[in-house]
Amino acid sequence: YGLYTRTRLGYWFYKRQLKKARDRYPHGHSSTQAIVFSGVKVVPIPVLSDNYSYLVIDTTSSQAVAVDPSDPVAVQTYLDREGVTLEAILCTHKHWDHSGGNKALKKHYKSCRVYGSAFDEIPELTHALSDRDQLTVGRLQFQAYFTPGHTVGHMIYVLDGKSGDGPDCLFSGDLLFLAGCGRMFRSSAQTCFLWDS
């Protein structure tokens, strides 16, 4: 775990995973469908071999938020396809398969804000968030929740459905997986339970 998250070897491994996934799945590992409601579009982006990034778009202003942009090339392809500008990145945690694209996207979009927990070493972080902090991009309103366990600074984000007269949308990072909770590397279930109490 330490090698993957804190060393050049871990970063090299992530880059190798990225290349293999791009070669094996040049159009993504699955086909996805955007969710559209009044003024808001949520676009899932298949990345690596089994993960997703998301674009959340304010269709009125053509401003976009990327959630966990691990593959900057895939995210940029969708930004271009949608004809929108990246205003913010929301990172759930520091692992490369969620934050690996931050640097390249921030370099391309200089004014882009990068949000996440100060407890994680998120690349290019510009705005550290605490539990229940709110943030706004265009008409998109998000609330961040501190959910330690998978990492010490793991956060989830909820898009307020009132942003576009639709349902609330949860971006859970690695807090939830199909058929279970996120693998706890840095905390115990007791820590997560106490934090939630």
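To be clear, the structure that these remarks concern was listed above.
Residues numbered from 1 in each chain as written. Predicted model: local features only at pLDDT ≥ 70, side-chain atom pairs only at ≥ 80, totals over all residues. Heavy atoms only, no water.

### Examining helix α3 (residues 72-82)
Since there are 3.6 residues in each turn of an α-helix, residues three or four apart along the chain are aligned in direction. To be explicit about the condition: Any residue under 20% of the maximum accessible area for its type is buried, any over 50% is exposed, and the rest in between are partly exposed; the area is computed with a 1.4 Å probe on protein chains only. A helix here means a DSSP run of H or I that spans at least four residues, while a strand means a run of E at least two residues long, and both kinds are numbered starting from the N terminus. Residue contacts are defined here by distance: any two heavy atoms, one from each residue, within 4.5 Å place the two residues in contact. In the analysis that follows, any N or O atom pair within 3.5 Å is treated as a polar contact, provided that within protein one partner can donate a hydrogen and the other can accept it, and provided that, for residues neighboring in sequence, both atoms belong to side chains.
Those residues of α3 that sit buried are Pro 72, Ala 74, Val 75, Gln 76, Tyr 78 and Leu 79. Buried residues in α3 make contact with α2 (8-24), β2 (40-47), β3 (51-58), β4 (63-67), β5 (85-90) and α5 (102-108). Looking at where α3 begins, the residue whose side-chain oxygen comes 3.0 Å from the main-chain nitrogen of Val 73 is Asp 71. Positive phi shows up at Gly 83, right after α3, with a value of about 70°.

### Considering the nonpolar core
Filter applied, for reference: Among buried residues, the Ala, Val, Leu, Ile, Met, Phe, Trp, Tyr and Cys ones that are joined through side-chain atoms within 4.5 Å form a nonpolar core.
Judged by nonpolar contacts, the single largest core of 21 residues is most densely connected at Val 56, Val 65, Leu 90, Phe 142, Tyr 157, Leu 159 and Phe 171. The set of elements that each furnish at least two residues to this core consists of β2, β4, β5, β8 (134-137), β9 (140-146), β10 (155-159) and β11 (169-171). For this core, the element with the highest residue contribution is β9, accounting for four residues. The residues touching Phe 171, leaving out its near neighbours within four places in the chain, are Val 42, Tyr 54, Val 56, Val 67, Thr 92, Phe 142, Ile 156, Tyr 157 and Leu 159. Within the second largest apolar cluster, 20 residues are counted, among which are Ala 64, Leu 86, Val 114 and Ile 122.

### A few points about the sheet that holds strand β6 (residues 113-117)
Applied cut-off: At least two bridges found by DSSP between two strands are what make those strands a pair. Throughout, an axis means a line fitted to C-alpha atoms (over the contacting stretch in the case of helices), and angles, computed between N-to-C directions, take values from 0 to 180 degrees.
Pairing is mixed in the open sheet, where seven strands are placed in the order β1-β2-β3-β4-β5-β6-β7. Edge positions in the sheet fall to β1 (35-37) and β7 (127-129), since each has one partner strand and no second. Averaged over all adjacent pairs, the angle separating strand axes in this sheet is 20°, with direction ignored. Of the pairings in the sheet, the one linking β5 to β6 comprises three bridges and is parallel in character. From the neighbouring strand, Ile 89 faces β6, where its bridge partner is Val 114. The sheet contacts of α3 involve β2, β3, β4 and β5, and relative to β2 the element is tilted by about 145°.

### Quick look at the pattern of salt bridges
Definition in use: The term salt bridge refers to a side-chain nitrogen of Lys or Arg lying within 4 Å of a carboxyl oxygen of Asp or Glu.
Following the criterion strictly, the structure yields four salt bridges and no others. In this structure, Asp 23 engages Lys 19 in a salt bridge whose closest nitrogen and oxygen atoms are separated by 2.8 Å. Within this pair, Asp 23 and its partner Lys 19 are both found in helix α2, separated by four residues, close to a single helical turn. Between Glu 82 and Lys 41 there is a salt bridge, and its shortest N-O distance comes to 2.9 Å. Linking Glu 82 in helix α3 with Lys 41 in strand β2, this pair joins segments that are 41 residues apart in sequence. Classification of Glu 82 as partly exposed rests on a relative accessible area of 24%.

### Considering the sheet that holds β8
Reading across the sheet, the four strands line up as β8-β9-β10-β11 and stay open at both edges, with antiparallel pairing between neighbours. Pairing within the sheet leaves two strands with one partner each, and these edge strands are β8 and β11. Each strand axis lies, on average, 25° off the axis of its neighbour in the sheet, ignoring direction. Sheet topology note: the β10/β11 ladder contains three bridges and is antiparallel. Looking at β11, one finds that Leu 159 is bridged to Cys 169.

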